[in-house]
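Structural features, examined
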Amino acid sequence: MSDERMSLDGRVSRYAALADPVRLRIVDLLTVGDVSPLELQGQLGISSSLLAHHLAVLEREGMALRARSEADRRRTYVRLGDAAFDDLLPAPRMAARRVVFVCTGNSARSQLAAALWHEASNIPAASAGTHPAERIEPGAIAAAQRHNLTLAVARPRRLDEVIQADDFIVTVCDTAHEEMAEPGQVHWSIPDPVRDGSDAAFDAAFAEISGRIDKLAPRLTSPL
């Protein structure tokens, strides 16, 4: 069995353990501190036999561990497993030589995305547009300045001027995604702040892109 399949099976097994409301509540309690089985019974209002069953499931998955009390050796405490939540989210398995962010005009969203990417990852980034505008939107420049981000002031560029065969493409607007003959590996449906034109719209786009990049960056690795 491949490592990837084993990792997937392990995640499925732990998610299944958490799918029960009692076990999820136990894990919630263990994130705060160590709890004895008797205390868990009081918190959960269940029988000792049912608690033993749920703890056995969590222990089997490494999500809960038991240790003897140093004071009363007959008592045990349950604590959260050290790796209880490790790898529950997808592991970084995608390789990227360069990330290219694409929107329609290459005047706001894709420019902000490329600049934010430089702050989050060592993998190079560029941006492009399917129908590039004449200039970068002043609203995008102002939004970058409000968030202490350096936005390179360069003319918007057409996709075919930028793209290379092995680029990892992220489309950040629906129009670009839907009109590309071969859509990118990832699509983010981010509303166009230019249509609204307000600072709030540009700040909302900035925040959405920043959050998406924070999730994607750890999943991409440079090819060997």
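Residues numbered from 1 in each chain as written. Predicted model: local features only at pLDDT ≥ 70, side-chain atom pairs only at ≥ 80, totals over all residues. Heavy atoms only, no water.

1. Some thoughts on the pairing of strand E2 (residues 76-80)
To keep things clear, this is the line we draw: Relative accessible area decides the class of each residue, using a 1.4 Å probe on protein chains only: under 20% of the type maximum gives buried, over 50% gives exposed, and in between gives partly exposed. Comment: elements are numbered from the N terminus, with helices defined as DSSP H or I runs of at least four residues and strands as E runs of at least two. Pairs of strands are assigned from DSSP output, requiring at least two bridges between the strands.
Because side chains alternate across E2, one face comprises the buried residues Thr76, Val78 and Leu80, and the other comprises Tyr77 and Arg79, none of which is buried. Bridge analysis of strand E1 (residues 64-68) against E2 gives five bridges, and the strand direction is antiparallel. Within E2, the position partnered with alanine 64 by the bridge is leucine 80.

2. Observations concerning the side chain of serine 110
Applied cut-off: What makes two residues a contact is simply this: any of their non-hydrogen atoms within 4.5 Å.
Structurally, serine 110 is set in helix H5 (residues 109-120). Filtering out sequence-adjacent residues up to four positions away, serine 110 remains in contact with Phe101, Val102, Cys103, Ser127, Ala128 and Val172.

3. Digging into the environment of threonine 76
Tracing the sequence through the fold places threonine 76 in strand E2. With relative accessibility at 16%, the residue threonine 76 sits in the buried group.

4. Description of the pattern of salt bridges
As a reminder of what qualifies: For salt bridges, the criterion is a side-chain nitrogen of Lys or Arg within 4 Å of an Asp or Glu carboxyl oxygen.
Summed over all chains, the structure comprises 14 salt bridges. In this structure, arginine 74 engages aspartate 72 in a salt bridge whose closest nitrogen and oxygen atoms are separated by 3.2 Å. Where arginine 97 meets aspartate 166, a salt bridge forms, and the shortest distance between an N and an O atom there is 3.0 Å. Of this pair, arginine 97 sits in the loop between strand E3 (94-95) and strand E4 (99-103) while aspartate 166 sits in the loop between helix H7 (159-162) and strand E6 (168-171), placing them 69 residues apart in sequence. One salt-bridge network, in which partners are shared between bridges, spans Arg97, Arg98, Asp166 and Asp167.

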